Amino acid sequence: LCTGSGAIAVSLAKYLPNSQITAIDISNDALKIAKKNARTNNVEEQITFISSDMFTNLNEEKFDIIVSNPPYIKTEVIKNLDEQVKKEPHIALDGGQDGLQFYRKIIKDGYKFLKYNGYICLEIGFDQKIDVIELIENEEKYENTYSKKDLYDNDRIIITKLS
């Protein structure tokens, strides 16, 4: 979900050569870039690209893993970001007033699109671990939730399993 340039989808396809990836984004411009990146990396046959606002156009598809790097920056913080970051499309940055808007949607509806024992893996902002884990725990549909740190020792990924 929120594939953007396709960096995660393309990387997964490249390092998991037997995988089938579905890359979803609301932006057709982003999907064009993601498709180009898939072609450049010779993984375009492994990736299906879907234009969709989150789960809207997925029907009844089920996945082993849902991976997302959604927009997670608080609306008010965007204006204070580094100039280079502000060059990104606003839609790719703005996570709503508290930065959690997209996590709420993914956590609330994600279970409907997971196979038995499926996982959700979410990239988070360096200060969002507690908030995102709380959203997951409040939903009561997931278990074994934990975080992984990045190279700078910041919690940057939340992983949870469908219970």
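We now turn to the structure provided with this report. (Residues numbered from 1 in each chain as written. Predicted model: local features only at pLDDT ≥ 70, side-chain atom pairs only at ≥ 80, totals over all residues. Heavy atoms only, no water.)

### Topic: helix H1 (residues 7–15)
The test is simple: Per-residue accessibility, obtained with a 1.4 Å probe over protein chains only, is compared with the maximum for each type, and a residue is labelled buried under 20%, exposed over 50%, and partly exposed between these values. Put simply, DSSP marks the helices as runs of H or I at least four residues long and the strands as runs of E at least two long, and each gets a number from the N terminus on. Taking the helix axis as origin, the arc is that swept by the directions to the C-beta atoms. Contacts were defined at the residue level, with two residues in contact if any of their heavy atoms lie within 4.5 Å.
For H1, the full list of buried residues reads Ala9, Val10 and Ala13. Buried positions in H1, seen along its axis, are confined to an arc of 95° and lie on one side of it. The inward-facing, buried residues of H1 contact strand S1 (21–25), helix H2 (28–40) and strand S2 (47–51).

### Comments concerning the nonpolar core
Considering soluble globular proteins, one finds that nonpolar side chains tend to be buried as a cluster. The following threshold applies: For the purposes of this section, nonpolar cores are sets of buried Ala, Val, Leu, Ile, Met, Phe, Trp, Tyr and Cys residues that join through side-chain atoms within 4.5 Å.
Counting residues in hydrophobic clusters, the biggest one holds 31 residues, and the most contacted among them are Leu1, Ile66, Tyr103, Ile107 and Val132. Residue assignment for this core shows that the elements contributing at least two residues are strand S3 (63–68), helix H5 (101–109), strand S4 (114–123), helix H6 (129–139) and strand S6 (155–162). In this structure, Ile66 is in contact with Leu1, Phe55, Gly110, Phe113, Leu114, Tyr119, Ile120 and Cys121, ignoring residues within four places of it in sequence.

### Notes on the environment of Ala30
Mapped onto the fold, Ala30 is located in helix H2. Residues Ala30 and Tyr119, 89 residues apart in the sequence, show an inter-C-alpha distance of 25 Å. The contact partners of Ala30, leaving out residues within four places of it in the chain, are Gly4, Ser5 and Asp25.

### Brief notes about unusual backbone geometry
Notably, Asn42 is not glycine yet its phi reads approximately 55°, a positive angle. Locating Asn42 in the fold gives a position in the loop between H2 and S2. With phi around 60°, Met54 is a residue other than glycine that occupies positive phi space.

### What to know about the pattern of salt bridges
The condition is simple: Salt bridge criterion: a side-chain nitrogen from Lys or Arg within 4 Å of a carboxyl oxygen from Asp or Glu.
Tallied over the entire structure, the rule returns 11 salt bridges. Between Asp109 and Lys112 there is a salt bridge; the shortest N-O distance is 3.2 Å. Among the ionic pairs, Glu139 bridges to Lys141, the shortest N-O distance being 3.8 Å. Looking at Lys141, the relative accessible area reads 25%, which means it is partly exposed. Overlapping salt bridges, with partners in common, bring together Lys108, Asp109 and Lys112 in one network.

### Things to note about the state of the cysteines
Inclusion rule: Cysteine sulfur pairs qualify as disulfides if the two atoms are within 2.5 Å.
One pass over the structure, following the stated rule, counts 0 disulfides. Of the cysteine sulfurs around Cys2, a residue in no disulfide, the closest is that of Cys121, at 14 Å.

### Some thoughts on the packing of aromatic side chains
Stated precisely, the cut-off is as follows: Centre distance within 6.5 Å is the pairing criterion for rings of Phe, Tyr and Trp, where only the six-membered ring of Trp is used; planes under 30 degrees apart are then read as stacked, over 60 as edge-to-face, and the remainder as tilted. A ring is considered to have a charge above it if a Lys NZ or an Arg CZ atom is located within 6 Å of its centre and within 35 degrees of its normal.
Evaluation of the coordinates by the stated rule reveals 1 aromatic pair. Geometrically, the ring pair formed by Phe55 and Phe113 is stacked, given 4.6 Å between the ring centres and 5° between the ring planes. With Phe55 in the loop between S2 and S3 and Phe113 in the loop between H5 and S4, the pair connects residues that are 58 residues apart, well separated along the chain. Residue classification places Phe113 among the buried positions, given a relative accessible area of 9%. Cation over ring: Lys141 sits above Tyr111, and NZ or CZ is 4.7 Å from the ring centre.

On their own, these measurements won't tell you what the molecule is for.
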